[in-house]
Amino acid sequence: MNLHSTIWRFLILLLSFSIKRGPLLPADCLRFEGCGSLTVEPALPFLLGSNLTVYCHITKCPQRRECSKISLELNYETVGAWEKVNCTTVIFTLIDVRRPLSFVRCKRHHAQRSEIVGGLDLRGGLPPDKPGNIFCETTRSSDFINCLWERGQETHLPTTYNVSIKRANGTQVLLDQIRGAEEITMPRAMIGENTEHQLIITAYNHFGASQSDPVTLCVEDMVIPETPRIIEIKFESISITAQLQWETAESSEHLRSYVRLSTDNSSWEVVERTDVSKGLIQVDDLRPLTAYEFQMRTCYSGLTRNDTGPVRSAASERLICSKWSLSVRRRSPGKGPSQQLHVWRILGSQKTNGSRMVTVLWKPPPPEDYSGEVQQYKIFIGSDQNPREISLTASSQCSVQVPVNVQTLSVSAVTLYGSTPPADVPLRHSDDCGPLLKVLAPSPNGSAVLVSWSWPGNKPWSPPGGEVLHYVLECRSVPAAELQWQQVAEDQNSTSVTGLTDGVRYNISVYAVTARGVSVPSSGLVYSKEKEPLSGPKVRVLAHEAGRIWIQWGELPVDQQRGFITNYTIYLQTLDSRNTEISETVPGSDPRQKWLDCPEGALVLQMTASTSAGEGPRGSRIPSQPATAGVGLMILIVFIITFFIALIANLMCWSCVRARIKQRCVSWGPAWFGENLPKPGNSVAIRLLEDGSEPTFSSTYSDPPLSPISLLSQEERDDVYPTIHVEISGQPTAETPLLTSDSGTMLAVSQLEDVSYKPQIAMLALQEEEGTETDEEHMDVATIEEEDGCSSMYGGLFEDFLSSVEVDFSDVPLRLTLRSVGGLLRPKTQEKTTVLNGGVLLGRSENKVAADSPSLDLQQGEIKMCDTADRCLSQYTVETTLTGGYFPQVAAVSSAPICDTQR
């Protein structure tokens, strides 16, 4: 309760202070005291351009005991020139005041607020000018005379005009006063038809008066044509033209009509007109879809007047014309297109049936040629009687299939107010020489290219293909092949191509379209503005010798060039401690191969391309070494390879290494890979058969002479050749003599008992030294067994006997079947013999024998051989079975194993 009472007491005190000291106002508000006045010298209204003195007086200042600051504002601007008379009066001076209407106010400023003492409006003006260009006019049927004049400059003050008309004797006929007007109408009866009168007009205001020159009036000279009347206005949509039909109350034989119009309440404009017929005139070049206000008047032909009276001559100052007619308002319709479209084409390849695909191009009609929007385009294919029509909307090209018999193709644009005349598309080539491009000059700012052309010979504008209809200019970008084209009138030989991109190459071609067709084009390359290349050429080193280098570089892609290449710059940099760089410039027209002098040692090459705009960036770094360094490296590589080949060859010559290599190859390959087979050509039996003689006992070979063959029956054969089984096992004993050859082979022969025929047994010894090539081939098997570290007891008993047979491997790895290639006994005999040689089971079969030759089969038993790693030979068991026939000199043998330690 105490708080509320305190607040109310504070508010009451604040209101009481504001009532006593003044109301509370915002900071930007002024308080009007009205305790003073303003006076101006000279008195108002003042003459524009004069100096004014303003006095600000403070007459009453209640409850003020001290002087305050006083200021003056002219049109819200503070006046700086002032003079203080006392604490209540201040004089302000206004210099050259030219505004006809201004205001001033005087303010008094206190420490906290400002007060307005008083204000005053300042009104100024000018004295009136002498009225001029006075003329009076009337029509033949009018009862009034209308006089007009020009008042001159604006006075900004109320001006009064005194009109005085007197007769020639000085009698006052009319004295009238008009305020602020520039014309006066008086009755025609006040002035006699055949008498002259004098007219004087005087203008006056606050600053004085001005009197015009006397003007002589005569009714006959004041008559003007009757005011015409517009009856009807018609518009034509193709070319916006208005036809005005009018009439007048008098004869129009000696009258000339004039038309003025206005749009949207703008000022009037007199336009050209054409007299179509009597009472019908035409106004051209109107804007479509525009509201017009028309007026017209008529003037006497050849009759003029000046300010002092009529002058019937051509040197007059003013025509005698009627007043403007009443206004007629009309809105012009939309304008239909009147010009043909600009058309062109791109011809495709011709098909087998003669038709071809044609891309038709056209430009939209110019906007000033029509109003509204284009609704569609129509393409007419064929003759005028029955053309095929294609309609398109919002497009500027179309591809159509044109038959071989069609020679006419046209395009037209359709709007709301009409269609353009059909424009023919040229489809034929005239094969005539066309104009030649003369100048391709880019503009200084690079936004366009100026193109000009001329006809060859001394007769320009006279093409051999007939009259030129128009020219077509094509502009294709390279390599994007974007097409721009334009049609040029037949009477021009130059144009400019705009909308080009800087740094893009363009191929510009010009064609002449004549009545015969399209001429041969003339083309040229141009840049609207050249730029630096985007990259450097790729360099390739062809040869690098001591002190010089042969290089080749490729051409930059067109989109990377961005201008015509003027020169190339080659940079050579050494890789030594000096790091020296040299450069050489090559003209762009030279071949892209060059020998260059260069420093010794390794180099790094780079290359740049330059245009008229400057040098482009450097290409990739290409290192290069001289040729001598490369040859030395090749020699080193060849030496290393030769060394390793010689080392491997020496290792192969060592028996132990060769044996191990052969053992590895045999273990990795098939079983027959490591077998050395005897050559049939070395067989003694075959040699004897070829010679036709039998061997003697003096032969160095082990084979005995061949025994005669007799034919026996089956029973006799069974009795003569029983089956004998011989088995020798274990170590050799004294009962089994061993024949040991030089190679370590031991032969055990068991005497055949209980047999009437005992074959001859001969011991075969291998020769220690190689004599001939045949002897070396016979010892292949023994040599292999020697390298393996073990020797077989089986010698060369059947070595010569089987030397002329062919080898056939069976499915068992250690079993071989030998077939005779030439026949052992006779050439036509095929035998099968199974023998044991060197631990391998050999087989020979006899399937067919002559009638006088008995059959002989020899079957061997199984052979078991121990691992070669044990360095010993397994026990051999030979089983011989004589089933029939005659087999000469055969003994059953058994080989016993002999280890290396026993040798």
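Above this text sits the structure in question.
The sections below set out a description of the structure shown in this document. Bear in mind the structure is a predicted one, so any value in this text is a computation, not a measurement.

## What to know about the state of the cysteines
- For the coordinates displayed, the defined rule picks out three disulfides.
- Put simply, cysteine 136 and cysteine 147 are joined by a disulfide, and their sulfur atoms are 1.9 Å apart. The sign of the 110° torsion about the S-S bond sets the cysteine 136-cysteine 147 disulfide as right-handed. Within this pair, whereas cysteine 136 is found in strand 11 (residues 132-137), its partner cysteine 147 is found in strand 12 (residues 144-150), the two being separated by eleven residues in sequence.
- Through a disulfide, cysteine 299 is tied to cysteine 321; the S-S separation comes to 1.6 Å. Looking down the S-S bond of the cysteine 299 and cysteine 321 bridge, the torsion is 110°, so its handedness is right-handed. On the criterion of sequence distance, the pair formed by cysteine 299 in strand 25 (residues 291-305) and cysteine 321 in strand 27 (residues 318-321) is long-range, its members being 22 residues apart.
- Cysteine pairing for the protein, with bonded cysteines counted in sequence order: 1-2, 3-4, 5-6.

## Observations concerning unusual backbone geometry
- Across the junction of leucine 44 and proline 45, the peptide omega takes the value -5°, indicating a cis bond.
- Structurally, proline 45 is set in the loop between strand 2 (36-41) and strand 3 (46-47).
- With omega at 5°, the peptide bond leading from valine 478 into proline 479 counts as cis.
- Inspection of the secondary structure assignment puts proline 479 in the loop between strand 40 (468-478) and strand 41 (483-489).
- Within the chain, tyrosine 76 stands out as a residue other than glycine whose phi angle is a positive 70°.
- Relative to the elements of secondary structure, tyrosine 76 occurs in the loop between strand 5 (69-74) and strand 6 (77-78).
- Residue classification places tyrosine 76 among the exposed positions, given a relative accessible area of 61%.
- Phi is positive for arginine 562, close to 55°, though the residue is something other than glycine.
- You can see arginine 562 is positioned in the loop between helix 3 (558-561) and strand 48 (567-574).

## Description of the packing of aromatic side chains
- In the structure shown here, the tally under the stated rule is eleven aromatic pairs.
- With 5.4 Å between their ring centres and 45° between their planes, tryptophan 362 and tyrosine 377 make a pair best called tilted. Residue tryptophan 362 is located in strand 30 (residues 356-362), and its partner tyrosine 377 is located in strand 31 (residues 374-381); the two are separated by 15 residues in the primary sequence. Like tyrosine 377, tryptophan 362 is buried.
- With centroids separated by 6.5 Å and ring planes inclined at 50°, the aromatic side chains of tryptophan 455 and tyrosine 471 adopt a geometry described as tilted. On the criterion of sequence distance, the pair formed by tryptophan 455 in the loop between strand 39 (448-454) and strand 40 and tyrosine 471 in strand 40 is long-range, its members being 16 residues apart.
- A connected cluster of aromatic rings, assembled from ring pairs, spans Trp453, Trp455 and Tyr471.
- For the cation-ring pair, arginine 345 lies above tryptophan 344, with the distance from its terminal atom to the ring centre recorded as 4.5 Å.
- Arginine 618 extends its terminal NZ or CZ atom over the ring of tyrosine 571, reaching a point 3.7 Å from the ring centre.

## Re the side chain of threonine 241
- Note on placement: threonine 241 falls in strand 20 (residues 241-247).
- We classify threonine 241 as buried; its relative accessible area is 5%.
- A distance of 3.4 Å separates the side chain of threonine 241 from the side chain of aspartate 284, its partner in a polar contact.
- Once you skip the residues sitting within four places of it in the chain, threonine 241 turns out to touch Lys234, Phe235, Glu236, Gln282, Val283 and Asp284.

## Re the pairing of strand 30
- Strand 30 sits mainly inside the fold: five of its seven residues count as buried.
- Here six bridges tie strand 29 (residues 343-350) to strand 30, and the two strands are oriented antiparallel to one another. Bridge assignment links tryptophan 344 to a residue of strand 30, and that residue is leucine 361.
- Counting the residues that bridge the hairpin from strand 29 to strand 30 gives five residues, and of these glycine 354 lies at a positive phi of roughly 95°.
- Sheet analysis places strand 30 next to strand 33 (residues 397-402), joined by six bridges and oriented antiparallel. Each residue of the ladder has a partner; that of threonine 359, found in strand 33, is serine 399.

The rules behind each value
- Every chain's residues receive numbers from 1 upward, in the order its sequence appears when written.
- Only residues with pLDDT of at least 70 are given local features in this predicted model, and only at 80 or more are side-chain atom pairs given and counted; all residues enter the totals for whole chains, interfaces and linings.
- Side-chain metrics rest on all non-hydrogen atoms present in the structure, leaving aside hydrogens and water.
- Criterion for a disulfide: a pair of cysteine sulfur atoms within 2.5 Å.
- The numbering of helices and of strands both runs from the N terminus, where a helix is a DSSP run of H or I of at least 4 residues and a strand a run of E of at least 2.
- For the exposure calls, accessible area comes from a 1.4 Å probe over protein chains only, and a residue counts as buried if that area is under 20% of its type's maximum, exposed if over 50%, partly exposed in between.
- Two aromatic rings from Phe, Tyr or Trp, using only the six-membered ring of Trp, form a pair when their centres are within 6.5 Å; if the ring planes differ by under 30 degrees the pair is stacked, by over 60 it is edge-to-face, and anything between is tilted.
- Counted as over-ring charges are cases with an Arg CZ or a Lys NZ within 6 Å of the ring centre that also lie within 35 degrees of the ring normal.
- Think of a polar contact as two N or O atoms within 3.5 Å of one another; within protein, one of them needs to be a possible hydrogen donor and the other a possible acceptor, and neighboring residues in sequence only count if both atoms come from side chains.
- Here, two residues are considered to be in contact whenever any of their heavy atoms come within 4.5 Å of each other.
- When DSSP finds two or more bridges between two strands, those strands count as paired.

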